[in-house]
Amino acid sequence: MLGTKLAVGDTAPPFTLEWLASPTDEVRAVELSSTAGDVRLLHVVHSVDTPVCQLGLHRFDEMHATLPDDIHVYTVSMDLPYAQARLNRAEGVSHRALSAHRSEDFGRDYGVLIPEWRLLQRAVFVIDRDDRIVHAEYVVEQLQEPDYEGAVAAARAAAGR
């Protein structure tokens, strides 16, 4: 992996990623600051096209439906935003998939870049209203799922709920 692993208490590095609402829409930039003052849960995956990553995508989407509006759930991968939008639409996923395909900065800054594959290591981060990391999980065994309940509990706690 390239980059330094983040820990609870660290300031979340700023990022600019891409989002496409639908395959016929225009690509839009989403920055950490786009949701300033809210809680963010970042579900980082190799690719939305891999089976374990799809399980996580759907599990976090189910949990997202039970969360208040000031907790934003994002799935982040190096996939093109067109592929992410196509999959979200086909699979009925409602939370945003953000693409880091243009730059490896997100991967380096969050300590998840796998340079030889140009993919991201599976991980989950929760960022509080003050842009501090309140939950950081690096999934070492890539066939293992993350601690969904732990991440959502951290997000709820950060939101004061």
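Above this text sits the structure in question.
What counts, and at which threshold
Residues numbered from 1 in each chain as written. Predicted model: local features only at pLDDT ≥ 70, side-chain atom pairs only at ≥ 80, totals over all residues. Heavy atoms only, no water. Helix = DSSP H or I, 4+ residues; strand = E, 2+ residues; numbered from the N terminus. Rg over C-alpha atoms; globule rule 2.2 N^0.38 Å. Buried < 20%, exposed > 50% of the residue type's maximum accessible area, 1.4 Å probe, protein only. Contact = heavy atoms within 4.5 Å. Areas by Shrake-Rupley, 256 points an atom, 1.4 Å probe, with all protein chains shown as cover. 1 Å grid on protein atoms, 1.4 Å probe; cavity = no way out; pocket = protein on both sides within 12 Å on 5 of 7 lines; lining within 4 Å. Points joined across faces, edges and corners; volume = space filled by probe spheres on them. Lys, Arg positive; Asp, Glu negative; His and termini not counted. Salt bridge = Lys/Arg side-chain N within 4 Å of Asp/Glu carboxyl O. Polar contact = N/O pair within 3.5 Å; in protein donor to acceptor, adjacent residues only side chain to side chain.

Peer 1: What is the right way to read the overall build of the protein from this model?
Peer 2: Helices and strands together make up the secondary structure of the protein, namely 4 helices and 9 strands. Listed N to C, the secondary structure of the protein is β-β-β-α-β-α-β-α-β-β-β-β-α in terms of helices and strands. In summary, the protein has a C-alpha radius of gyration of 14 Å against a globular reference of 15 Å for 161 residues, a match within 12%. Here the protein, with 161 residues, has 52% of them falling under the buried criterion. Considering only intrachain contacts with a sequence separation of at least 6, the fraction spanning at least 24 residues in the protein is 65%. Element-wise, carbon and sulfur atoms account for 50% of the exposed surface of the protein, whose accessible area totals about 7500 Å².

Peer 1: Could you clarify how one ought to interpret the layout of surface pockets in this entry?
Peer 2: If a probe as big as a water molecule is rolled over the atoms, it shows which places are left empty. In this structure, the largest pocket encloses a volume near 160 Å³. Among the elements of the structure, strand 1 (16-19) and helix 3 (105-109) are those that each provide at least two residues to the lining of the largest pocket.

Peer 1: Looking at this structure, how should I read the environment of Ile-133?
Peer 2: Here Ile-133 shows up in strand 9 (residues 133-138). Look at Ile-133 and you get buried, because its relative accessible area is 1%. Look past the residues within four positions of Ile-133 in its chain and what remains in contact with it is Leu-6, Ala-7, Val-8, Gly-9, Asp-10, Ala-12, Val-126 and Ile-127.

Peer 1: Can you help me understand the side chain of Arg-122 in this one?
Peer 2: In this fold, Arg-122 is placed in the loop between strand 7 (119-120) and strand 8 (123-127). Although Arg-122 lies buried, it forms no salt bridge, and the closest oppositely charged side chain, Glu-145, sits 6.1 Å away as judged by the N-O distance. At a separation of 2.3 Å, a polar atom in the side chain of Arg-122 contacts the main-chain carbonyl oxygen of Gln-144.

Peer 1: How should I be thinking about helix 2 (residues 81-91) in this particular structure?
Peer 2: Helical geometry: 3.6 residues make up each α-helical turn, so side chains three or four residues apart lie on a common side. When we look at burial in helix 2, the residues that qualify are Pro-81, Ala-83, Gln-84, Ala-85, Leu-87 and Asn-88. Gly-92, located one to two residues past helix 2, shows a positive phi value of around 70°.

Peer 1: What should I look at first to understand the environment of Lys-5 in this one?
Peer 2: Position of Lys-5 among the secondary structure elements: in the segment before strand 1. Those residues in contact with Lys-5 that sit more than four places away from it in its chain are Asp-10, Gly-111 and Tyr-138.

Peer 1: Even after reading the chapter, I still don't get the pattern of salt bridges, so can you show me in this structure?
Peer 2: Any two side chains of opposite charge can pair if their charged atoms end up close together. Counted according to the given criterion, the structure contains 8 salt bridges. For the salt bridge of Glu-149 with Arg-59, the shortest nitrogen-to-oxygen distance reads 2.3 Å. Placement of Glu-149 in helix 4 (residues 148-158) and of Arg-59 in helix 1 (residues 51-64) is noted, with a sequence separation of 90 residues between them. Using a relative accessible area of 44% as the deciding quantity, one classes Glu-149 as partly exposed. On the basis of relative accessibility, which here comes to 29%, the residue Arg-59 falls in the partly exposed class. Asp-105 serves as the salt-bridge partner of Arg-108, at 3.7 Å between the closest nitrogen and oxygen. Of the two residues, Arg-108 and Asp-105 are both situated in helix 3; the distance of 3 residues between them amounts to about one turn of the helix. On the basis of relative accessible area, Asp-105 is assigned to the partly exposed category, the value being 44%. If you follow the salt bridges from partner to partner, you end up with Glu-104, Asp-105, Arg-108 and Arg-118 in one network.

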